[in-house]
Protein chains: 2
Amino acid sequence: MLTSGTLDARCGARVFLKAEPFQRGGSFKFRGAYNRLSLLDADEKARGIVAYSSGNHGAAVALAASLLGIHAVVVVPQTGSPAKLAAIAGYGAEIRRYDPATESREEVAAAIAAERSLTVIRPFDDYDIMAGQGTVGVELAEQAGELDLVLVPVGGGGLAAGVGTAVKSLLPGAAVIGVEPAGADDTSRSMRAGHRVRLDVVDTIADGLRAQAPGELTFPINQRLLDDVVTVAEAAIVDAMLFSFARLKVVVEPSGATTLAALLTGAVRAHGQRVAAVLSGGNIDPADFALLAAPRLPG
Amino acid sequence: MLTSGTLDARCGARVFLKAEPFQRGGSFKFRGAYNRLSLLDADEKARGIVAYSSGNHGAAVALAASLLGIHAVVVVPQTGSPAKLAAIAGYGAEIRRYDPATESREEVAAAIAAERSLTVIRPFDDYDIMAGQGTVGVELAEQAGELDLVLVPVGGGGLAAGVGTAVKSLLPGAAVIGVEPAGADDTSRSMRAGHRVRLDVVDTIADGLRAQAPGELTFPINQRLLDDVVTVAEAAIVDAMLFSFARLKVVVEPSGATTLAALLTGAVRAHGQRVAAVLSGGNIDPADFALLAAPRLPG
């Protein structure tokens, strides 16, 4: 957990940052992937697994599989970033490309799974994945002690469900607040509607939070456990990444910076409180960081 | 201390990184400044101090002085980066500008000190400063256990002298290697010559290591304690900053990346060894990072 005098002064609060950029694979996703894969039975492990993701889930599954000696196939878009594909391949996974214009990644993965008797590892809508992500909540409760507020990014909702479950059990007095980009506010809308709402268009730089709808399994949990879900603008996300770079010295990707953005903009009022915020990952290419940062920098 | 599987694989070694970007003020300089100021007597504390530096030493002295309730004057060049001057002023120090084309910062500071009976806090050539920086060595010895090699950046030599003293006392079997930019290799040349050599020109992006000559007090210590001093090229420093960004998720300034550059380029052969490397600071503006990184990035 990191703390920053500057951040505390800005928020008038005591803020603890759970910095998952330092997690293996560079994001919290390793926790869920490793938990899920380690719970496979011997036969499933021997047959192997398949996941679809060009991002942190793909890298996390590839890394967890390599540590557990499981063969992994990762289905990635032809258009994926070469750096991210290289990271996945670097962990020893078999890469299978698909064309996002004409194919569905879920269907490609399901076909491979059927053909080769592989287990599909879903990115969030899976209780073992949620339980793994929940270790973030267990650790922050252990490390920060009593808390008034816990902020967690919400994409498909696996991290929020896991952290919510852990925090509400260990620190029942703490409010758990989800944070979404305004351009991918499916969980905010779903909470207000009282049922899962699917967005037609998702538009955000936070590539880890581009879920169009909350998960079937994650949503009822988050509906019960989250005290609120707030949204942050794209510019606020970039400003939070720059604050983290300049003041915390931590590289945070857009998805990972949403909770910090909520604190810095006042979208979540933290004055006088003890707050934990999950910085969920740090996987951003330096070139992409420079491109995002340029319009927000002085001069 | 941070570790990285990717870094270990690249070097064929077990590498522990002492990450001073996370130190208060963003660099190791706080350690020496705080030690020096806390050892002032009550009278000296009441009169105040003066330091000359637009960089990490200035910020560290300003921060330490504010924590100890001491009035600080920091002499900075008119041409200094606005962000760095803002950081120094933000810690409550009185800023005094000078014109580097026509004035010497040492003389400006000496004149202010004489006029107002202030104590001059030198950046490295001071035993209390060296002792403070030496706590980096104490901590890395405690945290990493037995080590074969310790890598430390060398500018004026205060950090190297402090770390060398601590490491040679706590881990007598470890070799301590200084690392300089090739464009500011005053200590390498001085070690070979057997006496302090002054460079006419210093040319490096590593602004914390632009000393033209080793310190009068630091050099004899480093001459005795350092097993070697190696140099790294500018491009290797930028590549190490990018490696740190992309793989370690730590923002490292050019001076702070020199030890990592020495490992990644093989300037220091670490194969099969247990190695600690000091990443000495992380104070670089995002805009400057983007400018330095651009020519080294693919595409």
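Predicted, not measured: the structure shown is a model, and the values here were computed from it.

Calculation rules
Residues numbered from 1 in each chain as written. Chains lettered and ligands numbered in written order. Predicted model: local features only at pLDDT ≥ 70, side-chain atom pairs only at ≥ 80, totals over all residues. Heavy atoms only, no water. Salt bridge = Lys/Arg side-chain N within 4 Å of Asp/Glu carboxyl O. Helix = DSSP H or I, 4+ residues; strand = E, 2+ residues; numbered from the N terminus. Buried < 20%, exposed > 50% of the residue type's maximum accessible area, 1.4 Å probe, protein only. Domains from an automatic or database assignment. Contact = heavy atoms within 4.5 Å. Buried area = accessible area lost by both parts, 1.4 Å probe. Pairing = 2+ DSSP bridges. Axes fitted to C-alpha atoms, helices over the stretch in contact; angles between N-to-C directions. Least-squares fit on C-alpha atoms with pLDDT ≥ 70 in both.

## Notes on the pattern of salt bridges
Link 1 in the chain: Following the criterion strictly, the structure yields 18 salt bridges over all chains and no others.
Link 2 in the chain: For Glu94(A), the salt bridge goes to Arg116(A), with nearest N and O atoms at 3.0 Å. Taken together, the residues Glu94(A) in strand S4 (residues 94–98) and Arg116(A) in helix H6 (residues 105–116) connect sequence positions 22 residues apart.
Link 3 in the chain: Residue Arg116(A) is classed as partly exposed on the basis of its relative accessible area, which comes to 29%.
Link 4 in the chain: The salt bridge partner of Arg36(B) is Asp126(B), with a shortest N-O separation of 2.6 Å. Here Arg36(B), found in helix H2 (residues 29–38), pairs with Asp126(B), found in the loop between strand S5 (119–120) and helix H7 (127–144); they are 90 residues apart in sequence, far enough to count as distant.

## Brief notes about the domain arrangement of chain A
All names here are of chain A.
Link 1 in the chain: Split by domain assignment, chain A resolves into domain 1 (5–23 + 129–296) and domain 2 (29–126).
Link 2 in the chain: The straight-line distance from the C-alpha centre of domain 1 to that of domain 2 is 25 Å.
Link 3 in the chain: On the domain 2 side, the residues contacting the 21 residues of domain 1 number 18 residues.
Link 4 in the chain: Area buried by domain 1 at its contact with domain 2 is led by Gln23, Ile129 and Gln133, which between them contribute 39% of it.

## Some points on the sheet that holds strand S2 (residues 49–52) of chain B
In a beta sheet, neighbouring strands are held together by backbone hydrogen bonds and run either parallel or antiparallel to one another.
Residue and element names in this part refer to chain B.
Link 1 in the chain: The sheet built from four strands is open, its strands ordered S4-S3-S2-S5 with parallel pairing. The sheet terminates laterally at strand S4 (94–98) and S5, the two strands that pair on one side only.
Link 2 in the chain: Of the strand pairs in this sheet, S2 and strand S3 (residues 72–77) are connected by four bridges, and their pairing is parallel. Each bridged residue has a counterpart across the sheet, and for Ile49 the counterpart in S3 is Ala72.
Link 3 in the chain: The strands touched by helix H4 (residues 56–68) are S2 and S3; relative to S2, the strand with the most contacts, the crossing angle is about 160°.

## A word on the relation of the copies chain A and chain B
Link 1 in the chain: Mapping chain A onto chain B is achieved by rotating through 180° and translating by 0.0 Å along the same axis, at an RMSD of 0.0 Å. Those values place the two copies in the arrangement expected of a two-fold rotation axis.

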